[in-house]
Amino acid sequence: MNNSEYDPAVQDHYYERYTNYSDQQIKEILKNRHDYQQPAVTAAIKVAIEREIIHSEQDLIAPGYQIITAHKKTAFPEVSNAYQYQKIVKSIFRVLFFVSFIPIIFGILKYAEGQLTMTYLGVGIGLLWFALTYALKKTQKLIIIFIQILFLIPLSVFLGIRLIQQEIFRVTDMMVLVIMTALIVYFLLYLRRLIQTAPEELKGE
């Protein structure tokens, strides 16, 4: 088990942070406490008791602090707290940044073959995707996601046509292209959903 769960300094860090939270934000943490690290829960309980939101830890057995698990199936898993939200968002951005290196590497390989046009195309596409992803991370403007999808779909169609026109058509190549495109679009749409439904405690940060 992580020793940070027993580190008083970690708990103090959460306590100082949560003193700036509203009562509603503290209640949300307590309600979803099973999704948080123990020092964070302990700090939230301490703040709640000081504000008389609850009188003791025993009050958490009340119905208002019990988590109701929704069984509704959805393509995009719900995120109920800031800790999970930040982890998932960071993971998606890592994937999106990784995607930008694929055409760049492709362009470098084509340079070794002397195909300068494909080199410029590959590197240019990679740098543009990287720039869009970076701008999205910094601004979280949904229009950038729309631009990325609008950029990705025609590019995938173009590459698909090129695969079909090859002398030796490989079904596996087409399958990889389709799956990669679908996954990237999924991550972009999921990121859009996350930005729109950010946990209450993160709003205003």
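Placed above this text is the structure.
Student: How should I be thinking about the packing of helix α6 (residues 142-165) against helix α7 (residues 171-196) in this particular structure?
Tutor: For any two helices packed against each other, the geometry comes down to the angle between their axes and how far apart the axes lie. α7 packs onto α6 with a crossing angle of 175° between their chain directions and a minimal axis gap of 10 Å. Accordingly, the angle class assigned to the pair α6 and α7 is roughly antiparallel. Taken together, the residues of α7 that come into contact with α6 (itself represented by Leu-142, Ile-145, Gln-148, Ile-149, Leu-152, Ile-153, Ser-156, Leu-159, Gly-160, Leu-163 and Ile-164) are Asp-173, Met-174, Leu-177, Thr-181, Ile-184, Val-185, Leu-188, Leu-189, Leu-191, Arg-192, Ile-195 and Gln-196. Looking at the contact of α6 with α7, its residues break down into 16 nonpolar, 5 polar and 2 charged.

Student: Would you mind showing me how to read the nonpolar core here?
Tutor: Generally speaking, a soluble globular protein has its nonpolar side chains buried in company with each other. Ranked by size, the top nonpolar core spans 24 residues in total, and within it Leu-96 and Leu-191 carry the most contacts. Of all the elements in the fold, those that place two or more residues in this core are α4 (82-112), α5 (116-139), α6 and α7. Look past the residues within four positions of Leu-191 in its chain and what remains in contact with it is Val-89, Ile-92, Phe-93, Leu-96, Leu-136 and Ile-145. Membership of the second largest hydrophobic core comes to 17 residues, among which are Tyr-21, Val-41, Ala-43 and Ala-44.

Student: I would appreciate a short explanation of the side chain of Gln-25 in the present structure.
Tutor: Residue placement: Gln-25 occurs in helix α2 (residues 23-31). Judged by relative accessible area, Gln-25 falls into the buried class, the value being 10%. A polar contact is formed between the side chain of Gln-25 and the backbone nitrogen of Ser-22, at a distance of 2.8 Å.

Rules used throughout
- Residues numbered from 1 in each chain as written.
- Predicted model: local features only at pLDDT ≥ 70, side-chain atom pairs only at ≥ 80, totals over all residues.
- Heavy atoms only, no water.
- Axes fitted to C-alpha atoms, helices over the stretch in contact; angles between N-to-C directions.
- Helix = DSSP H or I, 4+ residues; strand = E, 2+ residues; numbered from the N terminus.
- Parallel < 35°, antiparallel > 145°, perpendicular 65-115°, else oblique.
- Contact = heavy atoms within 4.5 Å.
- Nonpolar A, V, L, I, M, F, W, Y, C, P; charged D, E, K, R; others polar.
- Core = buried A, V, L, I, M, F, W, Y, C linked by side-chain atoms within 4.5 Å.
- Buried < 20%, exposed > 50% of the residue type's maximum accessible area, 1.4 Å probe, protein only.
- Polar contact = N/O pair within 3.5 Å; in protein donor to acceptor, adjacent residues only side chain to side chain.

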